[in-house]
There are 2 protein chains.
Amino acid sequence: MSLRHALLGLLARRPSSGYELTQMFDRSLSTSWHAGHSQIYPELGKLEAAGLIRLVGEGARRSKTYDITDAGRVELRRWLVEAEPDRSQRSESGLRLFLTPLLDAADRKQTFERDLAHVEHELAALKALRAVQADAAEPEVFAPQVELGIRINTVLGEWLREQISTAS
Amino acid sequence: MSLRHALLGLLARRPSSGYELTQMFDRSLSTSWHAGHSQIYPELGKLEAAGLIRLVGEGARRSKTYDITDAGRVELRRWLVEAEPDRSQRSESGLRLFLTPLLDAADRKQTFERDLAHVEHELAALKALRAVQADAAEPEVFAPQVELGIRINTVLGEWLREQISTAS
DNA sequence: ACCGTACATGTCAGAACTTACATGCCAATC
DNA sequence: GATTGGCATGTAAGTTCTGACATGTACGGT
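Keep in mind it's a predicted model, so treat the numbers as computed, not measured.

Time to look at the protein's contact with DNA strand D. Inspection of the region around DNA strand D gives 20 residues, with Y19, H37 and K64 of chain A together with S38 and Q39 of chain B positioned closest. By atom count, sugar and phosphate contribute 69% of the portion of DNA strand D lying within 4 Å of the protein. A distance of 2.8 Å is found between a base oxygen of DNA strand D and a side-chain nitrogen or oxygen belonging to H37 of chain A. Among the secondary structure elements, those contributing two or more residues to the surface near DNA strand D are α2 (18-27) and α3 (37-49) of chain A together with α3 (37-49) of chain B. For the surface near DNA strand D, the element with the highest residue contribution is α3 of chain A, accounting for 3 residues. By residue class, the composition of the surface near DNA strand D is 6 nonpolar, 8 polar and 6 charged.

Right, dumping it as structure tokens:
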């Protein structure tokens, strides 16, 4: 049921169309949850039918903008505060990292370098985002989350560099 | 196809039964990939039919022990080194962290404290594992992975503590 | 001898998710 | 005025995953 709550959460930030939500999943949420448009559009229909969101406008190119309802806000809060979190994860990258000791030194080094390139790319994007937020007039409530992303990618990068130099 | 490769990877470490594999998913792999026994047993059947693993013995209580084959090892290496990683993640905890700014201060503090308790529990388990590994006669190839887990949980714990004290 | 628990494997219906197909709108460029 | 590309929504078939049901085995305690 996480997709449902991810959509409610995004709509609680600001009213959006399915297309915009799809982009948010790709951009901001890709390190936490993933969903394609073919999953999002039907789910929006179900959420509307359940009264948790409502259609607030139709724009150009048949776009439909939804907003969260009061019932939706109640459900979102209930889920965030009262529901027992499911701590299980699905991360192919994590699985790969777990299995790298099975590779020989050359292959291991190669995959670590590939991962390091990706981590550095992420880190640069997050730092750019932090810089934009620092210049913004309004304080950005999601700044701590960006900071956490920077810290986690930093330790990951350090670890990868250690592995690369150790794997002689 | 990650389940397939997760199973190949675990069997490359040592021959195991489906039951043992299910436990490894719960214990060592829960922060990377999750799978229940109802998914594992059918997948083992498919892997055997594909010649990537083979039945090497039947033990007490009708248990069946599988081992990876040479073809399986080739496929595992191909996937780890040559296949383009899917960097997308599914982490309900990450999603919750991303959405906490939507809560009021009291609710936010409560959920951060719940998360902190979990992180400290994880950290204690990983440190205990590191201590056991340090005492072991043979060097443990998975020690760096344990170290990475400790570091990530450490920064997560620090971040959570900051959020709790800041959220006045 | 009986009971509870951990061991051990399996199936199945339904939900979630992916990939591909399908359609149409609007703006810019050629 | 034709084409291209990004905007925008939708459906459908097939795969993966979950949760419940189902069955039987060995061991330790009482």
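The α-helix winds at 3.6 residues per turn, so residues separated by three or four positions along the chain end up facing the same way. For helix α6 (residues 105-135) of chain B, built from 31 residues, the straight-helix expectation of 45 Å at 1.5 Å per residue is met to within 8% by its first-to-last C-alpha distance of 45 Å. If you check which residues of α6 of chain B are buried, you get D107, T111, F112, D115, L116, V119, L123, L126 and Q133 of chain B. Packing partners of the buried residues in α6 of chain B comprise α4 (70-82) of chain A together with α5 (92-99) and α7 (143-166) of chain B.

What follows concerns the protein's contact with DNA strand C. By nearness alone, 20 residues border DNA strand C, and S38 and Q39 of chain A together with Y19, H37 and K64 of chain B come closest of all. Counting only the atoms of DNA strand C that lie within 4 Å of the protein, the sugar and phosphate share comes to 68%. Contacts to DNA strand C include R90 of chain B, whose side-chain N or O atom sits 3.1 Å from a sugar or linking oxygen. Mapped by element, the contributors of at least two residues to the surface near DNA strand C are α3 of chain A together with α2 (18-27) and α3 of chain B. Residues that form the surface near DNA strand C fall into these classes: 6 nonpolar, 8 polar and 6 charged.

Each of the two chain copies can be brought onto the other by rotation about an axis and movement along it. When chain B is fitted to chain A, the best match, at an RMSD of 0.0 Å, comes from turning it 180 degrees and sliding it 0.0 Å along the axis. Expressed as a symmetry operation, the mapping of one chain copy onto the other fits a two-fold axis. Rotation axis and chain B: the residue whose C-alpha lies nearest the axis is R90 of chain B, separated from it by 2.5 Å.

Let us now look at the environment of W79 of chain A. Locating W79 of chain A in the fold gives a position in helix α4. On a C-alpha basis, the gap between W79 of chain A and S2 of chain A in space is 9.5 Å, while along the polypeptide they are 77 residues apart. When neighbours within four sequence positions are excluded, W79 of chain A is seen to be in contact with S2 and H5 of chain A together with E92, L95, R96 and L99 of chain B.

Turning next to the sheet that holds strand β2 (residues 53-58) of chain A. Residue and element names in this part refer to chain A. Pairing within the open sheet is antiparallel, and its 3 strands lie in the order β1-β3-β2. Of all the strands in the sheet, just β1 (16-17) and β2 have a single pairing partner and so form its edges. Taken strand by strand, helix α1 (residues 2-13) contacts β1, β2 and β3 (64-68), and its axis lies near 95 degrees from that of β3.

A word on the environment of S17 of chain B. All names here are of chain B. Within the fold, S17 resides in strand β1 (residues 16-17). Judged by relative accessible area, S17 falls into the buried class, the value being 7%. Sequence separation of S17 and E82 is 65 residues, and the distance between their C-alpha atoms is 28 Å. The contact partners of S17, leaving out residues within four places of it in the chain, are K64 and T65.

About the thresholds
Residues numbered from 1 in each chain as written. Chains lettered and ligands numbered in written order. Predicted model: local features only at pLDDT ≥ 70, side-chain atom pairs only at ≥ 80, totals over all residues. Heavy atoms only, no water. Near = heavy atom within 4 Å. Polar contact = N/O pair within 3.5 Å; in protein donor to acceptor, adjacent residues only side chain to side chain. Helix = DSSP H or I, 4+ residues; strand = E, 2+ residues; numbered from the N terminus. Nonpolar A, V, L, I, M, F, W, Y, C, P; charged D, E, K, R; others polar. Expected span 1.5 Å × (residues − 1). Buried < 20%, exposed > 50% of the residue type's maximum accessible area, 1.4 Å probe, protein only. Contact = heavy atoms within 4.5 Å. Least-squares fit on C-alpha atoms with pLDDT ≥ 70 in both. Pairing = 2+ DSSP bridges. Axes fitted to C-alpha atoms, helices over the stretch in contact; angles between N-to-C directions.

The quantities given are spatial measurements derived from coordinates; they are silent on function.
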